[in-house]
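Chains, contacts and geometry: an overview
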Amino acid sequence: MTALAERPYGGSRGGSRGALALMLPALVPVLVFSVGPLLYGILLAFTDARSGRNTETSFVGLENFAELLSDGDFWESFRIGLVWGLSVTVLQFLASLGLALLLDQDLRLRGVARVLAVVPWAMPPVVIGLMWRLVYHPDAGLLNGLFGTRVDWLHDFSLALPAVIVVGVWTGMPQTTVVLLAGLQNVPRELYEAVSVDGAGAWRRFWNVTLPQLRPVIVAITSLDFVWNINQFSLVYVLTQGGPGGRTRLPMLFAYEEAFRYGFFGYAATLGVAITIVVLAVLGLYLWRQAREAA
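Residues numbered from 1 in each chain as written. Predicted model: local features only at pLDDT ≥ 70, side-chain atom pairs only at ≥ 80, totals over all residues. Heavy atoms only, no water.

What follows deals with the side chain of T210. Tracing the chain through its elements places T210 in helix α9 (residues 202-230). On the basis of relative accessible area, T210 is assigned to the buried category, the value being 4%. At 2.7 Å, the side chain of T210 forms a polar contact with the side chain of Y192. With sequence-adjacent residues up to four places away left out, T210 is seen in contact with L101, L184, Y192 and R205. (Helix = DSSP H or I, 4+ residues; strand = E, 2+ residues; numbered from the N terminus. Buried < 20%, exposed > 50% of the residue type's maximum accessible area, 1.4 Å probe, protein only. Polar contact = N/O pair within 3.5 Å; in protein donor to acceptor, adjacent residues only side chain to side chain. Contact = heavy atoms within 4.5 Å.)

Structure (structure tokens):
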């Protein structure tokens with residue numbers, strides 16, 4: 001009996017070691033391909049690393065960050081990134097919420113509609129970018145064909161960013177819709193029945209029941225969407241490569257150009273670190289305000 005009573009304690013220690021051993025195959029790739037490059041990128045930000053053979057790399061401290069503060073091109077790309085990130089996140093949420101509310105209704109062919117709604121999710125960003133370039137084509141594009149115009153959407157200084165924002169919203173809608181739809185299906189139906197007894201209409205049911213119940217889901221998905229959107233690269237690169245005249249040059253595109261077009265690896269790493277700090281600060285402020293409102 002004593003041995004049996006003591007076995008759970010020994011088994012617990014052995015189980016922890018066994019669990020750690022089972023986790024190692026998953027942890028090693030994370031450490032090698034995520035944590036390692038992240039730490040190396042932070043280290044590069046404090047050096048003058050650049051491309052070329054026989055180039056010496058030296059520690060420069062905060063010189064890159066000081067240069068960043070006075071770099072007008074960076075601040076312009078950061079402004080464009082904020083406009084892009086906030087616009088795509090807000091419009092994406094509103095469109096996805098409307099679509100999720102529609103798909104939550106008992107409609108005919110609802111299953112088919114749900115499958116079609118997530119089709120963009122299955123498409124690589126490069127394919128989406130090429131497809132929308134054809135849609136925006138000034139001569140043979142679908143959009144100009146519908147309106148009977150010859151607008152060069154992706155090369156017009158005033159239209160390029162709004163055109164890219166539309167693509168960003170369309171691309172990101174599926175995952176946001178799926179998450180919101182899952183949240184809607186978890187709202188207790190008894191709450192709707194209770195407010196209906198009080199004579200509440202559709203708008204009051206939505207405002208007093210649906211939105212409060214979806215608040216945790218909304219905070220989570222909009223936060224993730226903002227991080228994903230402001231770090232977007234491949235979609236915008238395929239569409240415009242940051243043009244025309246830098247009008248769609250997001251921060252990640254600017255960092256890419258500094259690293260792989262001009263060869264300033266240290267400065268490009270500084271851009272990445274700065275963008276990460278700012279995004280975390282904005283995201284932290286947003287989550288803090290949401291937590292205060294919820295309390």
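Our focus in this paragraph is helix α11 (residues 251-261). Three or more residues of α11 are buried, namely P251, L253, F254, A255, E257, E258 and A259. In this structure, the buried residues of α11 make contact with α3 (72-103), α10 (234-239) and α12 (265-294). A positive phi of about 80° marks G263, the residue just after α11.

Further remarks concern unusual backbone geometry. Here G243 and P244 are connected by a cis peptide whose omega angle stands at -5°. Relative to the elements of secondary structure, P244 occurs in the loop between α10 and α11. One non-glycine residue, Q241, lies in positive phi territory at about 55°. Residue placement: Q241 occurs in the loop between α10 and α11. Residue Q241 is classed as partly exposed on the basis of its relative accessible area of 47%.

Keep in mind these values describe shape, not function.
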